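Descriptive analysis of the structure
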2 protein chains.
Amino acid sequence: MISGELTVPPPGQSVVKIPQAFIEELQSTIEEDRVNFDKDDRDVHGRPWYSYHKIDAVPDVVVYPVSTEEVVAVVNLCRKYKVPIVPYGAATSLEGHTLTMKGGVSIDMTLMKKIKELHVEDMDVVVEAGMGWVELNEYLKPEGLFFPLDPGPGATVGGMCACRCSGSLAVRYGTMRDNVLSLKAVMANGDVVKTASRARKSAAGYDLTRLMIGSEGTLGIITEVTLRLQKIPEASTVAMCTFPSIKDAADVAIGIMHSGIQASRVELLDEVMIKGVNLANGKSYKEAPTLMFELIGTEAYAREQTEIVKKIAEQHNASDFIYSETPEEKVQLWKIRKEAFWAAQTLNSVAEIMTTDVCVPLSKLAQCISQAKIELDASPLTACIISHAGDGNFHTLIMFNPDDKAELLEAKRLSDMMVHTALDLGGTCTGEHGVGIGKIQYMEKELGPEALKVMGSIKSTLDPDNIMNPGKIIPPQFCY
Amino acid sequence: MISGELTVPPPGQSVVKIPQAFIEELQSTIEEDRVNFDKDDRDVHGRPWYSYHKIDAVPDVVVYPVSTEEVVAVVNLCRKYKVPIVPYGAATSLEGHTLTMKGGVSIDMTLMKKIKELHVEDMDVVVEAGMGWVELNEYLKPEGLFFPLDPGPGATVGGMCACRCSGSLAVRYGTMRDNVLSLKAVMANGDVVKTASRARKSAAGYDLTRLMIGSEGTLGIITEVTLRLQKIPEASTVAMCTFPSIKDAADVAIGIMHSGIQASRVELLDEVMIKGVNLANGKSYKEAPTLMFELIGTEAYAREQTEIVKKIAEQHNASDFIYSETPEEKVQLWKIRKEAFWAAQTLNSVAEIMTTDVCVPLSKLAQCISQAKIELDASPLTACIISHAGDGNFHTLIMFNPDDKAELLEAKRLSDMMVHTALDLGGTCTGEHGVGIGKIQYMEKELGPEALKVMGSIKSTLDPDNIMNPGKIIPPQFCY
């Protein structure tokens, strides 16, 4: 993938045509086989398969650095020639974060995946940004430790930081915001910033770690991350049960949060989603609103929590309890949840999936889903719902034929309706997928012009030439 | 305190003399009895009794706003006339955060202490910045909820945000960074920024909430905060035990973190501190390195955790276990820890206390304390150590006579030695007390010039006239 004949990009490929002198300096800076003008590779980097944003935003060149120093060199060149630079991890993000909207450099971080330091006693690890979380957890397993975030399987740690991702375990362990001790980033001026020490807490100055987490490559390129780790729990219970209504299921999520126990997962799937699960897995689960839980701790405590949750669920009309006892059964049951995205595709095999990502205060979750479902049920498109219910975050997977303009417009209408419903209920347009180009239009309604002016000022002062992933997060009228 | 005859400040009181026109506009904007030129009140605001930074940094005027709109009006006036403005809560901070280094306005937020919204189902509350955490917890108690941070008893929520504070419960619940959903702040340009929605998580743009938390009034004035709440635990165990060495005690802290249980408190007191505790409370605890724990959860789980911790402690030579059984005994035992600062004063009743606040990776805690203790033992000054051991954070309370220059210099030398030891071990100069003026000199060693340049750029762009708490956090060479 990273080799191939070097070809200068055809004219018109980049919005800002990159100068020949830039190309020459780049080629003399980075080894030949890690500077790629090959069309196929550029296409891969400009059209992330995972995202439903199918627009032409192909980079002029793909660069594969192997060190922070190389990232510095590339950033310095980009600044010198005013060439946009967009970091690229596994491109599992959904909102078009890696699209090179104005051409330029796609800087692919996946060759930087070393584990630089493991501190078992401190329960932290220092990794390069291109390290995948799945691979990291394989590495950590013999130490009895793990990194407790679980987005799409391919995701890299750098991308997870950039998009402030989370996943089903966030209800217990928090998001990327809560699990990074420190990071190293190359800023637009070429400076390498180390945001914090390895201490578990600090009150030393502005929180640059959190500023970079969620900045989606618009402020700098993350090259190294120090992650907090967790102990692999001694025991766990995995269970599922069904409810007559979404409201009942959401009330159980509230009940669990109020019980004082810390479930590690509280996931809600609607009846359409369960239908997909059944189709994809040859199962016959009852097609009704369903909660899936995971409860962890010592053996006795996992058992005690299971009893508490069962009681709460029964108070809200739960039935059809299924408990996974053996490790294999547990893996099997969570696999169903993990692969729900693919299972949804069995509901309409020719379709693409547009995924929404709203998050509302927990007390509004049932109302938000119920309001949405009225519109979804009335739509000609198929859509199913899957929710990190403990956090009030849910995804609607809307299936549409991308070649049918009416279907595309209808999918967009439904997605837009979901966002406005969530914002009107005091929520956010994105719980964990980020802004990219997909949610930029909602930022002003959600945060107000004052907050966006602050973001725009920060962006403009730290990246005065707007070379760092231009066109993402902040509506253009608030920058520069 | 807030009434009193209005007197124009004597000449020379402020470094930047405030113009008469500013005073007149201020008086026509804010009600007379909430604009105070009275010397006593200005002295109170310029010489925080709690801090060991005894320098003359008295404001020209103290203003007591009652609404965000009034804060906006005062900030707009300060900007118009280039008058510094320094937010003031309970002034329980230690590093001189509230000192008006260049004179100007001390904006006292303590009249703004309304509870604006309580969302029991969502487990969050919206409060004005002047609300005290102790008072808030009294209010929340009937709902079975609490806000899980416990700094000095007087501290206000706004001040806690500004200083990114934590306390003994941080090992379980995190710091202020982790417990704020959103906040409202008046920026230097007069804009009111709402940083986020009430959703429990969001990936919508730069993390302005976290940018403001720890910014110590240098970017804006926090007027309203949305806090995450926790369930009051059903049961708890409080225990203490002693060890032959600090290393043994610190190893237990590591062992607890690795056990996978979540102790809610793991506090370490050295033998000198226990001596103070004995003197102050008429007790006869063994004067040896001591750990105090709190374990929470269901009754069964609190018991199970106690057994686990006891086993870990015994593996590291623990003895003299004391368990508190009744609620009264528990309160009594924690009172000893909470009042340690005052107990330390019994060791030298004429002294002031200089408090250090370093935090290191957990594996370095024993080494850091042991290295420090060699110097402390050799010093003519008395000093004791108290540590949030689960987080690797510890305070040395150094007793000195402030009128004795040699003692003051020796206290400063010890404090400086502690910081350098911690930084050399990969730690931070401040785990929870913040930078203020006290730690500014260590920022470059800890974070490097590159990170400080980023902080300076943010400060300069958001507060171009440097009116917001000037002279704090960022060394001047990195701003403007």
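The name that an unreviewed UniProt entry assigns to chain A is D-lactate dehydrogenase (cytochrome), with the source organism given as Riccia sorocarpa. According to its UniProt record, chain A has this under Subcellular location (unreviewed entry): "Mitochondrion".

To continue, consider the sheet that holds strand β14 (residues 290-297) of chain B. Residues and elements named next belong to chain B. Strand order in the open sheet formed by seven strands is β15-β12-β14-β13-β17-β18-β16, and the pairing between neighbours is antiparallel. Because the sheet does not close on itself, it has two edges, and the strands there are β15 (319-324) and β16 (352-355). If you compare each strand with its neighbour and ignore which way they point, the axes differ by 20° on average. Taken together, the three bridges between strand β13 (residues 265-269) and strand β17 (residues 383-388) define a ladder with antiparallel strand orientation. By the bridge assignment, L268 is partnered in β17 with S387.

A few words now on the interface of chain B and chain A. Residue-level contacts link 85 residues of chain B with 85 residues of chain A. Carbon and sulfur atoms supply 58% of the area buried between chain B and chain A, which totals about 6900 Å² over both sides. A per-residue breakdown of the area chain B buries against chain A is headed by K201, Y206 and H258 of chain B, which together make up 14% of the total. Summed over the shared surface of chain B and chain A, the number is six salt bridges.

Moving on, we get to the side chain of D391 of chain A. Structurally, the position occupied by D391 of chain A is in the loop between β17 (383-388) and β18 (393-400). Judged by its relative accessible area of 6%, D391 of chain A falls in the buried class. Once residues within four sequence positions are removed from consideration, D391 of chain A is found in contact with A170, V171, C359 and V360 of chain A together with R200 and K201 of chain B.

As a further point, take the UniProt feature "domain: FAD-binding PCMH-type" (unreviewed entry) in chain A. Look at the UniProt record and you will see "domain: FAD-binding PCMH-type" (unreviewed entry) annotated at residues 55-232 of chain A. Structurally, residues 55-232 of chain A is divided into 21% helix and 25% strand, and its ends, taken at the C-alpha atoms, are 42 Å apart.

For the rest of this paragraph, the subject is the sheet that holds strand β4 (residues 105-108) of chain B. Residues and elements named next belong to chain B. Pairing is mixed in the open sheet, where four strands are placed in the order β1-β2-β4-β3. Every interior strand has two partners, whereas the edge strands, β1 (35-36) and β3 (85-88), have only one. As judged from the three bridges shared by strand β2 (residues 61-63) and β4, these two strands associate in the parallel manner. Pairing of V63 across the sheet is with I107, part of β4. Relative to β4, helix α3 (residues 68-81) is tilted by about 170°, and along the sheet it contacts β2, β3 and β4.

If you walk through the whole model with that rule in mind, you get zero disulfides over all chains. Here C359 of chain A stays free of any disulfide, with the sulfur of C368 of chain A as its closest cysteine sulfur at 9.5 Å.

Below, the discussion takes up the domain arrangement of chain A. Residues and elements named next belong to chain A. When cut into domains, chain A gives domain 1 (20-111), domain 2 (115-231), domain 3 (235-424) and domain 4 (440-478). Across the boundary between the two partners, domain 2 contributes 11 residues, which contact 14 residues of domain 3. Taken over both partners, the interface formed by domain 2 and domain 3 buries close to 930 Å², and the fraction arising from carbon and sulfur atoms is 54%. The largest share of the area that domain 2 buries against domain 3 comes from S168, V171 and R172, three residues that together contribute 59% of it. Here D150 and K338 are joined by a salt bridge, their closest N and O atoms 4.0 Å apart.

Turning to the packing of helix α15 (residues 443-462) of chain A against helix α16 (residues 443-462) of chain B, a few remarks are in order. Axis separation between α15 of chain A and α16 of chain B bottoms out at 9 Å; the angle between their running directions is 130°. When the axis of α15 of chain A is compared with that of α16 of chain B, the two are oblique. Pair α15 of chain A / α16 of chain B crosses with right-handed handedness. Contact with α15 of chain A, carried on its side by V454, S457, I458, T461 and L462 of chain A, involves V454, S457, I458, T461 and L462 of chain B of α16 of chain B and no other residues of that element. Tallied by class, the residues present in the contact of α15 of chain A with α16 of chain B amount to six nonpolar, four polar and no charged.

Next up on the list: the environment of G205 of chain B. Considering the arrangement of structural elements, one finds G205 of chain B in the loop between β9 (192-194) and α8 (208-212). Take G205 of chain B: its relative accessible area is 0%, and that puts it in the buried class. A sequence separation of 100 residues divides G205 of chain B from V105 of chain B, and the C-alpha atoms of the two residues are 33 Å apart. Other than its neighbours up to four places away in sequence, G205 of chain B contacts R164, G214, V435, M443, M455 and I473 of chain A.

Turning our eyes to something else, we now look at the pairing of strand β12 (residues 235-242) of chain A. Residue and element names in this part refer to chain A. A large share of β12 lies buried, amounting to seven of its eight residues. In this structure, β12 lies alongside strand β14 (residues 290-297), joined through eight bridges in antiparallel fashion. Following the sheet pairing, A239 is matched in β14 by F293. Two elements, β12 and strand β15 (residues 319-324), share four bridges in a ladder whose sense is antiparallel. From the neighbouring strand, A239 faces β15, where its bridge partner is Y323.

Right, let's talk about the relation of the copies chain B and chain A for a bit. Superposing chain B onto chain A takes a rotation of 180° combined with a translation of 0.0 Å along the rotation axis, leaving an RMSD of 0.0 Å. Such values leave the two copies arranged in the relation of a two-fold axis. When the interface residues of chain B are mapped onto chain A, 100% of them again lie at the interface, so the same face is used by both copies.

Turning next to helix α13 (residues 365-378) of chain A. Residues and elements named next belong to chain A. Across its 14 residues, α13 extends 20 Å between first and last C-alpha, which sits within 8% of the 20 Å expected from 1.5 Å per residue. L365, A366, C368, I369, A372, K373 and L376 are the residues of α13 that are buried. Buried residues of α13, seen end-on, are gathered within an arc of 155° and therefore sit on one face of the element. Looking at α13, the residues exposed on the side facing more than 90 degrees away from the buried face are I374 and A378. On its buried side, α13 packs onto α8 (246-259), α9 (271-281), β17, β18 and α14 (405-424).

Rules of the game
- Residue indices follow the written sequence of each chain, beginning from 1 at its first position.
- As they are written, the chains are lettered A onward and the ligands numbered 1 onward, keeping that order.
- Predicted model: local features are reported for residues with pLDDT of at least 70 only, side-chain atom pairs are reported and counted for 80 or more only, and whole-chain, interface and lining totals are derived from all residues.
- To get the side-chain values, take all heavy atoms of the structure and skip hydrogens and water.
- UniProt positions are given in the numbering used here, feature names are shortened, and annotations may be inferred rather than shown by experiment.
- Strand pairing is defined by DSSP finding a minimum of two bridges between the two strands.
- Note on conventions: DSSP H or I runs of at least 4 residues are helices, E runs of at least 2 residues are strands, and numbering of each starts at the N terminus.
- Between N-to-C directions, angles cover 0 to 180 degrees, with each direction set by a line fitted to C-alpha atoms, over the stretch in contact for helices.
- The contact rule is simple, with two residues in contact once any of their heavy atoms fall within 4.5 Å.
- By definition, the buried area sums, over both parts, the 1.4 Å-probe accessible area that each loses when the two are put together.
- The term salt bridge refers to a side-chain nitrogen of Lys or Arg lying within 4 Å of a carboxyl oxygen of Asp or Glu.
- For every residue, the accessible area obtained with a 1.4 Å probe (protein chains only) is divided by the maximum for its type, and the residue is called buried under 20%, exposed over 50%, and partly exposed between those limits.
- The rule for a disulfide is simple: a pair of cysteine sulfur atoms within 2.5 Å.
- Domain start and stop positions are those given by an automatic or database domain assignment.
- To sort the angles, those under 35 degrees are grouped as roughly parallel, those over 145 as roughly antiparallel, those from 65 to 115 as roughly perpendicular, and the leftovers as oblique.
- Here a crossing is called left-handed whenever its near helix is offset anticlockwise from the far helix by less than a right angle, and right-handed whenever the offset is clockwise.
- Gly is put with the polar residues, along with every residue not named as nonpolar or charged; the nonpolar set is Ala, Val, Leu, Ile, Met, Phe, Trp, Tyr, Cys and Pro, and the charged set is Asp, Glu, Lys and Arg.
- The copies were overlaid by least squares, fitting only the C-alpha atoms of residues that reach a pLDDT of 70 or more in each copy.
- Take the number of residues in a helix, subtract one, and multiply by 1.5 Å to get its expected span.
- Arc definition: directions from the helix axis to the C-beta atoms.

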